[in-house]
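# Topology and contacts: notes
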Amino acid sequence: MSTPQRGKLVVGNWKMNGSAAANATLLAALIAGWRARPDRDVALCVPYPYLAQARDALGGSPIAWGAQDVSEYASGAYTGQVSAAMLAEFGCRYVLVGHSERRHGCGETDAIVAAKAAAALGAGLTPVVCVGETLAERDAGQWQEAVTRQVDAVVQRLGADCARTVLAYEPVWAIGTGRTATPQQAQDVHAHLRLRLRGAAAAGVPILYGGSVKAANAGALFAQADVDGGLVGGASLDAAEFLAIAGA
Ligand code: 13P
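Let us look at the structure shown here. Here the structure is a predicted model, which is why all the values come from computation and not from measurement. (Residues numbered from 1 in each chain as written. Predicted model: local features only at pLDDT ≥ 70, side-chain atom pairs only at ≥ 80, totals over all residues. Heavy atoms only, no water.)

### Points about the packing of helix α5 (residues 110-122) against helix α7 (residues 143-158)
For clarity, the threshold we go by: Only the stretch in contact is used when fitting a helix axis, every axis being a line fitted to C-alpha atoms; angles between N-to-C directions are given from 0 to 180 degrees. Labels follow the DSSP assignment, with helices taken as runs of H or I lasting at least four residues and strands as runs of E lasting at least two, numbered in each case from the N terminus. Angles below 35 degrees are treated as roughly parallel, those above 145 as roughly antiparallel, those between 65 and 115 as roughly perpendicular, and all remaining angles as oblique. By definition, any crossing whose near helix is turned counterclockwise from its far helix by less than a right angle is left-handed, and any crossing with a clockwise turn is right-handed. A contact between two residues is defined here by any heavy atoms of the two lying within 4.5 Å. Each residue is assigned to one of three groups, with Ala, Val, Leu, Ile, Met, Phe, Trp, Tyr, Cys and Pro labelled nonpolar, Asp, Glu, Lys and Arg labelled charged, and all others, Gly among them, labelled polar.
The geometry of α5 relative to α7 is characterised by a closest axis approach of 9 Å and an angle of 45 degrees between their N-to-C directions. Classed by the angle they form, the pair α5 and α7 counts as oblique. Handedness of the crossing formed by α5 with α7: right-handed. Two secondary-structure elements touch here, α5 through Asp110, Ala114, Ala115, Ala117, Ala118 and Leu121 and α7 through Arg149, Gln150, Ala153, Val154, Arg157 and Leu158. Along the lines of polarity and charge, the residues of the contact of α5 with α7 split into eight nonpolar, one polar and three charged.

### Topic: the nonpolar core
Spelled out, the test is: To define a nonpolar core, start from buried Ala, Val, Leu, Ile, Met, Phe, Trp, Tyr and Cys residues and group those joined through side-chain atoms within 4.5 Å. Throughout this description, buried means an accessible area under 20% of the type-specific maximum (1.4 Å probe, protein chains only), exposed means over 50%, and partly exposed covers the range between.
Core analysis: the largest hydrophobic core is formed by 62 residues, its most contacted members being Leu44, Leu87, Val95, Leu193, Leu197, Tyr209 and Ile245. Among the elements that line this core, the one with the most residues is α7, at six residues. Excluding its chain neighbours within four sequence positions, the residues that come into contact with Leu197 are Val151, Val155, Leu167, Ala202, Ala203, Val205 and Ile207. Counting 13 residues, the second-largest nonpolar core is a separate cluster that includes Tyr94, Leu96, Ala168 and Leu208.

### With respect to the sheet that holds strand β5 (residues 126-131)
Note the threshold: Two strands are said to pair when DSSP picks up at least two bridges between them.
Within the closed barrel, the eight strands sit side by side as β1-β2-β3-β4-β5-β6-β7-β8. Their pairing is parallel. Neighbour-to-neighbour, the strand axes of this sheet turn through a mean angle of 25 degrees, independent of strand direction. The sheet contact formed by strand β6 (residues 166-169) and strand β7 (residues 207-210) spans three bridges and is parallel. Residue pairing in the sheet places Tyr169 in a bridge with Tyr209 of β7. Its contacts with the sheet put helix α10 (residues 239-246) on β1 (8-13), β2 (40-45) and β8 (229-232), and the angle it makes with β2 is roughly 145 degrees.

### Re helix α9 (residues 215-222)
How we decide: Regarding the arc, it is the one traced by the directions from the helix axis to the C-beta atoms.
If you check which residues of α9 are buried, you get Asn217, Ala218, Leu221 and Phe222. Looking straight down α9, one finds its buried side chains confined to an arc of 130 degrees; they lie on one side. Contacts from the buried residues of α9 go to β1, α8 (183-198), β7, β8 and α10.

### Quick word on the site of the ligand
Operational definition: When at least one non-hydrogen atom of a residue lies within 4 Å of a molecule or strand, that residue is treated as near it. A 3.5 Å cut-off defines polar contacts: any pair of N or O atoms within that distance qualifies, except that in protein one atom must be a possible hydrogen donor and the other a possible acceptor, and neighbouring residues in sequence count only when both atoms are side-chain atoms. Calculation of accessible area relied on Shrake-Rupley with a 1.4 Å probe; when residues are assessed, cover is drawn exclusively from the protein chains displayed. Residues are called lining when one of their atoms sits within 4 Å of a cavity or pocket point, these points coming from a 1 Å grid over the protein atoms alone, where a cavity is a set in which a 1.4 Å probe fits but cannot get out and a pocket is an open set with protein on both sides within 12 Å along at least five of seven lines. Put plainly, a molecule is in a cavity or pocket when over half of its atoms are within 2 Å of the grid points there.
Neighbouring the ligand are Asn13, Lys15, His99, Glu170, Ala174, Ile175, Gly176, Gly211, Ser212, Leu231, Gly233 and Gly234. Gly176 is positioned with one of its backbone polar atoms (N or O) 2.7 Å from an oxygen atom of the ligand. Protein chains bury 96% of the 310 Å² of accessible surface belonging to the ligand in isolation. If you map the ligand onto the pockets, it falls in the second largest pocket. Partitioned by chemical class, the residues of the shell around the ligand number three nonpolar, seven polar and two charged.

### Considering the layout of surface pockets
Rule in force here: Grid points are joined across faces, edges and corners, and a volume is the space filled by probe spheres set on the points.
The space that makes up the largest pocket amounts to roughly 320 Å³. Lys15, Met16, Gln68, Asp69 and Arg102 are, among the 13 residues lining the largest pocket, the residues nearest its centre. Residues that form the lining of the largest pocket fall into these classes: six nonpolar, three polar and four charged. In this structure, the second largest pocket encloses a volume near 170 Å³. Together, 18 residues line the second largest pocket, and Lys15, Gly176, Ser212, Gly233 and Gly234 are the ones closest to its centre. Tallied by class, the residues present in the lining of the second largest pocket amount to five nonpolar, ten polar and three charged.

### Considerations on the pairing of strand β4 (residues 94-97)
How we decide: Whether a crossover is right-handed depends on one test, that the path from the first strand over the helix to the second runs clockwise when the strands point away from the viewer.
Because side chains alternate across β4, one face comprises the buried residues Tyr94 and Leu96, and the other comprises Val95 and Val97, equally buried. Sheet topology places strand β3 (residues 63-67) next to β4; two bridges connect them, and they run parallel. When the bridges of β4 are listed, Gly66 appears paired with Tyr94. For the handedness criterion, the β-α-β arrangement of β3, helix α3 (residues 84-89) and β4 is classed as right-handed. Looking at chain direction, β4 and β5 are connected through four bridges and run parallel. Paired with Val97 across the two strands is Val129, which belongs to β5.

### Description of empty space enclosed by the protein
Evaluation of the coordinates by the stated rule reveals one cavity of 30 Å³ or more. In this structure, the largest cavity occupies an estimated 30 Å³ of space. Taken together, Gly98, Ser100, Arg103, Cys130, Val131, Gly132, Gln150, Glu170 and Ile175 form the lining of the largest cavity. Those elements giving two or more residues to the lining of the largest cavity turn out to be α4 (100-103) and β5. When its residues are assigned to classes, the lining of the largest cavity shows three nonpolar, four polar and two charged.

And the structure:
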């Protein structure tokens, strides 16, 4: 079920990359190269230690910033974790939750991801909830079951508050592999996700595509009716490439 064309959101996910010096160069190039557009929102999700650097550089610019993970807990004996309230203190607008590198690399379950989304909303942040099937699930014809399970866990936990989230479809087989979902493959999954969100009256949430997004393929992906922008990994570390994607 497609919806009318909305503005696009393009989020860079630096993952565990960067250094104070490299970030300064990249941030300066992005600030110099990006002009605010009414139909575009741009944000960068950076490693925790660089949140202050992102805030200091991007404050007052049209580029928002955020983090790549958040604790499901508010405070207490959770060594190494970072709360949503702490992220809010650094001016974060967004936080990724349920990235496949955390679901599969750190054992995050659907329930944990949903709890993290709730924690983010509770602190006034917008969670970017990532879902996506593995290569084995895609090859077995089971993408629908996989993403349905992931999105339904969030819908059940958040109910109508789902309308305040962003969803990102990132097929695991397309992340960092150079193998992008075709625009039609992305559209099929996005349309399915939008239907699932209807139950929570959240069919209008932005649904981003992620997985080997590049300047060369962003235009065709973003042209799909239910693709509301992108979640960009590797290409977000290259200013010219990321600016081209953001403007696609
Ligand atoms: P790549 O763009 O490097 O494939 O990474 C996608 C991703 O995981 C963004 O969150």
